[in-house]
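Observations on the model geometry
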Amino acid sequence: MCEDCFTREYSSFKSENIWLEVDSQLGLKPGKGKMKYLSNTVDGEYFYQCVHCKQKWRLKDSDLSFRGYLLKVQ
Ligand SMILES: [Zn+2]
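So, a few notes on the structure that sits alongside this text. Keep in mind that what you see is a predicted model, and the values were worked out from it rather than measured. (Residues numbered from 1 in each chain as written. Predicted model: local features only at pLDDT ≥ 70, side-chain atom pairs only at ≥ 80, totals over all residues. Heavy atoms only, no water.)

1. Considering the coordination of the zinc ion
Note on the zinc ion: its protein donors are Cys2 (SG), Cys5 (SG), Cys50 (SG) and Cys53 (SG). The metal-donor distances range over 2.3 Å. Coordination geometry of the zinc ion: the four donor atoms subtend angles of 105 to 116° at the metal centre, consistent with an arrangement described as tetrahedral. A residue is classified by how much of its surface remains accessible, and Cys2, at 14% relative accessible area, is buried. (Donors = N, O, S within 2.8 Å, 3.2 Å for Na, K, Ca; no water. Tetrahedral: all angles 85-135°; square planar, octahedral: opposite > 155°, others 65-115°. Buried < 20%, exposed > 50% of the residue type's maximum accessible area, 1.4 Å probe, protein only.)

2. Structural notes on the packing of aromatic side chains
Summed over the entire model, instances satisfying the criterion amount to five aromatic pairs. Ring geometry for Tyr37 versus Tyr48: centroids 5.7 Å apart, planes at 70°, classification edge-to-face. With Tyr37 in strand β1 (residues 35-40) and Tyr48 in strand β2 (residues 45-50), this pair connects stretches of sequence that are 11 residues apart. Aromatic pair Phe66 and Tyr69: ring centres 6.3 Å apart, planes at 80°, arrangement edge-to-face. Judged by relative accessible area, Tyr69 falls into the buried class, the value being 15%. An aromatic cluster is present here, built from Tyr10, Phe13 and Trp19 joined pairwise through their rings. A cation sits over an aromatic face here: Lys29 above Phe6, 5.3 Å from the ring centre. Positioned above the aromatic ring of Phe66 is the side chain of Lys60, whose terminal nitrogen or guanidinium carbon lies 6.0 Å from the ring centre. (Phe/Tyr/Trp six-rings, centres within 6.5 Å; stacked < 30°, edge-to-face > 60°. Helix = DSSP H or I, 4+ residues; strand = E, 2+ residues; numbered from the N terminus. Lys NZ or Arg CZ within 6 Å of the ring centre and 35° of its normal.)

What follows is the structure in structure tokens.
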């Protein structure tokens, strides 16, 4: 983990605002060359890798009934 990707994990996005903040950062970081989109699964998990520290992340979008998460890939 580093400043270029994320300095913490979110096991659950506790509010809509937190989710929107993380979602907008994930929308910007690949364009700035900080994170790389890798792939996604059929059940809607998205994988990214930090260009700087090489940490891989998995994201599940938040929706009405499900909070979503952003976790490191171990
Ligand atoms: Zn990083």
